[in-house]
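# Understanding the architecture of this molecule
Now for the letters of each chain:
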Amino acid sequence: MTRTWWKEAVIYQIYPRSFNDGNGDGVGDLRGIIEKLDYLQHLGVDVLWLSPVYASPNDDNGYDISDYRAIMSEFGSMADFEEMLDGIHRRGMKLVMDLVVNHSSDEHEWFQQSRSSKDNPYRDYYFWEPEPPNNWIAFFGGKAWEYDDTTGEYYLHLFSKKQPDLNWENPKVREEVYELMRFWLDKGIDGFRMDVIPFISKRLDWPDINLNDFGSAMRDVYANGPRLHEFLQEMVRETLSNYDAMSVGEAPGVPRDLAKLYVGEGRGELNMLFHFDHMTLDWGPKGKFDPKAWSLPEFKQIFTDWHEAMGDDGWISIFLDNHDFPRMVSRWGDDSDYRMESAKLLATLLLTLRGTPSVYQGSELGMTNVAYEDFADYRDIESVNAIREAQERGADSAQLLQILHRVSRDNVRTPMQWNSRSHAGFTEGEPWIRVNPNYTEINAEAAVADPDSIFHYYRRLLALRKKHLTLVYGEYEQLDGGSDWLYAYRRWDEEATFLVFLNFSGKEQSVPVEVPEGAQPFFGNYPVPDAGTLRPWEAQLWKLA
Ligand code: ISL
Ligand code: CA
């Protein structure tokens, strides 16, 4: 397998609005990020991925862009951006920006022109139809075709109605995208995370979707369109191939058997992708607001199947949470009795699989989901729309709150918890979204001061991963025979062999897999490991040879 810097890197995702407020207006910003670069360097991550920082009316917190070449005024100026980029590079880190080009904001100049008349030169930058050609629904509720009375036609939006989908069939649209990518690459950024990139090529036969099976709608209709790979190859040829930059595609709707088309090494498309199989594991037939139980055997199988599907030709990025999904310790661990242990166990998983790990801000502190008691505390458009729709239906409020506590994207958008002072040290003003009340206990200042903290566990394991490339490139084999509490696997190459045992339960258990004679305890979340026994949420790494 070819060695590259982005395979050996660890990504840290910053959600700028919630990271750190530098000027006291209650909204995180670029100066706030600059203040925390030393913290990130100390943690030992390599690549900072910033959720969008471009000009935006913030219907979807920056994922609705009105000017791709300007910095959002709330976040600062281009001079702040350049200072931040320089500060990142001086510390030996890299910067990856979010590329959101499946759609723009409706306030982008292109859409303003496009909607103004049927013969405007920008008309074909978007999809316009005299009648909705199908039953598509939008991710944030309601129908995907919106009537616009200026010209009496409907435009397509797979997300909110303020996020009209760009028409990639139009070569001018593609050229605009490549130009804006070159604009940022020429400034010296180190790559892009590409938002819903499998959706950019539309099925122009406009088939209906099965409204009771959102998973197959994503896979067969919204994603993986007919010209997708042609577009990606063209994009890479025109932009990334001329720079030493990385790309990671957000890939909802991409099944394992299609993944190599995106990331196979000779394809000239993406370096890696974020697949969604574990993220949708607890979604019912109607999607995330219809949650169901998940099981450990299925969860593990997903990692094993993806490892095998990629083999030695293709790469993925491993993540257990991000700005769209619940906190990993609340979702896959135990955020009450064993928060510390289970957050460390999940860190072990995240950092010892084959794939580039992506750590979401605050997970290195074991930050948890939030449980707002008041609907008015929710900020995310997806939650706000879901609340409105449920109330219109006359749904039970208590039940709705329970679902939001479990699935709302605001769970991961509460301010970063820096210290135990007012508003968790995030801002000197009023935060745009309420702080999680557990900040007095869970915060960076306390974590950095405590050698046994989750923070230092990440830091040490990150350093070990750098030193032992077996943990990056090595082979992988699952060893636990489908146990419902144990996840056990081996990572190995010519240099070394590691055994990883993860107890996904709050009970002490005896391990059915033998630790070979001569194996040394290498790392773990309890002081001294005992071969053959795992304590509640214990993670053990053993090294052979
Ligand atoms: O957030 C989700 C479920 O709640 C996902 O289905 C999400 O909508 C999907 O992964 C696409 O996400 C990306 O594009 C969206 C944006 O809202 C997300 O924040 C972004 O990660 C539209 O740009
Ligand atoms: Ca601010």
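The rules behind these values
- Residues numbered from 1 in each chain as written.
- Chains lettered and ligands numbered in written order.
- Predicted model: local features only at pLDDT ≥ 70, side-chain atom pairs only at ≥ 80, totals over all residues.
- Heavy atoms only, no water.
- Donors = N, O, S within 2.8 Å, 3.2 Å for Na, K, Ca; no water.
- Buried < 20%, exposed > 50% of the residue type's maximum accessible area, 1.4 Å probe, protein only.
- Helix = DSSP H or I, 4+ residues; strand = E, 2+ residues; numbered from the N terminus.
- Domains from an automatic or database assignment.
- Contact = heavy atoms within 4.5 Å.
- Buried area = accessible area lost by both parts, 1.4 Å probe.
- 1 Å grid on protein atoms, 1.4 Å probe; cavity = no way out; pocket = protein on both sides within 12 Å on 5 of 7 lines; lining within 4 Å.
- Points joined across faces, edges and corners; volume = space filled by probe spheres on them.
- Nonpolar A, V, L, I, M, F, W, Y, C, P; charged D, E, K, R; others polar.
- Salt bridge = Lys/Arg side-chain N within 4 Å of Asp/Glu carboxyl O.
- Near = heavy atom within 4 Å.
- Polar contact = N/O pair within 3.5 Å; in protein donor to acceptor, adjacent residues only side chain to side chain.
- Sits in = over half its atoms within 2 Å of the grid points.
- Pairing = 2+ DSSP bridges.
- Axes fitted to C-alpha atoms, helices over the stretch in contact; angles between N-to-C directions.
- Phe/Tyr/Trp six-rings, centres within 6.5 Å; stacked < 30°, edge-to-face > 60°.
- Lys NZ or Arg CZ within 6 Å of the ring centre and 35° of its normal.
- Core = buried A, V, L, I, M, F, W, Y, C linked by side-chain atoms within 4.5 Å.
- pLDDT = per-residue confidence, 0-100.

### Digging into the coordination of the calcium ion (ligand 2)
Within the protein, the calcium ion (ligand 2) binds to Asp21 (OD), Asn23 (OD1), Asp25 (OD), Val27 (O) and Asp29 (OD); these donor distances fall in the range 2.2 to 2.3 Å. Along the chain, the residues donating to the calcium ion (ligand 2) fall in the pattern D-x1-N-x1-D-x1-V-x1-D. Judged by relative accessible area, Asp21 falls into the buried class, the value being 7%. On the basis of relative accessibility, which here comes to 38%, the residue Asp25 falls in the partly exposed class.

### A closer look at unusual backbone geometry
Residues other than glycine seldom take positive phi values, yet Asn58 does so here, at roughly 60°. With respect to the helices and strands, the residue Asn58 is situated in the loop between strand S3 (54-55) and strand S4 (67-71). At Ala545, a position not held by glycine, the phi torsion is positive, near 60°. Position of Ala545 among the secondary structure elements: in the segment after strand S22 (539-544).

### Regarding the domain arrangement of the chain
Interfaces are often described in size by the accessible area the parts lose on coming together. We note that the domain assignment places domain 1 (5-104 + 171-461), domain 2 (109-156) and domain 3 (475-544) within the chain. Computed over C-alpha atoms only, the centres of domain 1 and domain 3 are separated by 29 Å. The partner domain 3 presents 26 residues to the 26 residues of domain 1 that form the contact. The junction of domain 1 with domain 3 conceals about 2,200 Å² of combined surface from both sides, 67% of it contributed by carbon and sulfur atoms. Ranking the residues of domain 1 by area buried against domain 3 places Leu296, Lys300 and Leu345 at the top, with a combined share of 27%.

### Some thoughts on helix H14 (residues 397-407)
All of the buried residues in H14 are Leu400, Leu401, Leu404, His405 and Val407. As for H14, its buried residues are in contact with strand S13 (287-291) and helix H13 (381-393).

### A word on empty space enclosed by the protein
A probe matching the size of a water molecule, rolled over the atoms, marks out where space remains unfilled. By the definition in use, this model includes three cavities of 30 Å³ or more. Roughly 120 Å³ of volume is contained in the largest cavity. Lining the largest cavity we find 13 residues, and of these Trp306, His307, Ile316, Ile318 and Arg354 sit closest to its centre. Sorting elements by how many residues they give to the lining of the largest cavity places helix H10 (residues 296-310) first, with four residues. Split by residue class, the lining of the largest cavity holds eight nonpolar, four polar and one charged. Of the voids in this model, the second largest cavity is the one considered here, and its volume is about 50 Å³. Around the second largest cavity sit Asp282, Trp283, Lys288, Pro291, Phe325, Pro326, Arg331, Arg406 and Val407, which together line it. Broken down by secondary-structure element, the contributors of at least two residues to the lining of the second largest cavity are S13 and H14. Grouping the constituent residues of the lining of the second largest cavity by class yields five nonpolar, no polar and four charged.

### Some details on the pattern of salt bridges
All chains considered together, the criterion is met by 45 salt bridges. Between Lys288 and Glu382 there is a salt bridge whose closest N-O contact spans 2.7 Å. Within this pair, whereas Lys288 is found in strand S13, its partner Glu382 is found in helix H13, the two being separated by 94 residues in sequence. Of the two residues examined, Lys288 and Glu382, each falls in the buried class. Here the residues in one salt-bridge network are Asp60, Lys288, Asp324, Asp380, Glu382, Arg409 and Arg413, joined through shared partners.

### As for the site of ligand 1
Ligand 1 sits among 19 residues. The nearest are Asp60, Glu250, Lys288, Asp324 and Glu382. Arg193 is positioned with one of its side-chain polar atoms (N or O) 3.1 Å from an oxygen atom of ligand 1. Judged by its atoms lying within 2 Å of the grid points, ligand 1 is housed in the largest pocket. Looking at side-chain class alone, the shell around ligand 1 contains seven nonpolar, three polar and nine charged residues.

### Structural notes on the sheet that holds strand S20 (residues 520-524)
One open sheet accounts for five strands, arranged S16-S17-S18-S22-S20; its pairing is antiparallel. Both edges of this open sheet fall to strand S16 (475-478) and S20, since each of them pairs with a single strand only. With strand direction ignored, the average angle separating the axes of adjacent strands in the sheet is 20°. Bridge count for strand S18 (residues 497-503) against S22 is six bridges, and the pairing is antiparallel. Each bridged residue has a counterpart across the sheet, and for Phe501 the counterpart in S22 is Gln540. Here H10 sits on the sheet in contact with S16 and strand S17 (486-492), set at roughly 150° to S16. Across the face of the sheet, helix H12 (residues 339-352) comes into contact with S17, S18 and S22 while running at roughly 145° to S18.

### Some words on the packing of aromatic side chains
Counted under the stated rule, the structure contains 47 aromatic pairs. Each ring, one from Tyr12 and one from Phe19, has its centre 6.5 Å from the other, and the planes form 70°; the classification is edge-to-face. Looking at Tyr12, the relative accessible area reads 0%, which means it is buried. Residue classification places Phe19 among the buried positions, given a relative accessible area of 0%. Through a chain of ring-to-ring contacts, the aromatic side chains of Phe127, Trp136, Phe139, Phe140, Trp145, Phe159, Phe199, Trp206, Phe214 and Tyr222 assemble into a single cluster. Over the aromatic face of Trp315 sits the side chain of Lys7, whose NZ or CZ is 5.4 Å from the ring centroid. The cationic tip of Arg17 hangs over the ring face of Trp432; the distance from NZ or CZ to the ring centre is 5.0 Å.

### Some points on the nonpolar core
Among the nonpolar cores identified, the biggest contains 170 residues, and Tyr12 and Phe192 are the most heavily contacted of them. In terms of nonpolar packing, the next biggest core, distinct from the first, is built from twelve residues, Val511, Val513, Ala519 and Leu544 among them.

### A word on the confidence of the model for the chain
With 100% of its residues at a pLDDT of 70 or more, the chain has an overall mean of 97. Per-element mean pLDDT across the chain ranges from 89 in S13 up to 99 in strand S1 (residues 11-14).

### What to know about the sheet that holds strand S8 (residues 153-156)
Pairing within the open sheet is antiparallel, and its three strands lie in the order S6-S8-S7. Each edge of the open sheet is held by one strand with a lone partner, namely strand S6 (128-129) and strand S7 (145-148). As defined by bridge partners, S7 adjoins S8 across four bridges and the pair is classed as antiparallel. Residue pairing across strands places Asp148 opposite Glu153, the latter belonging to S8.

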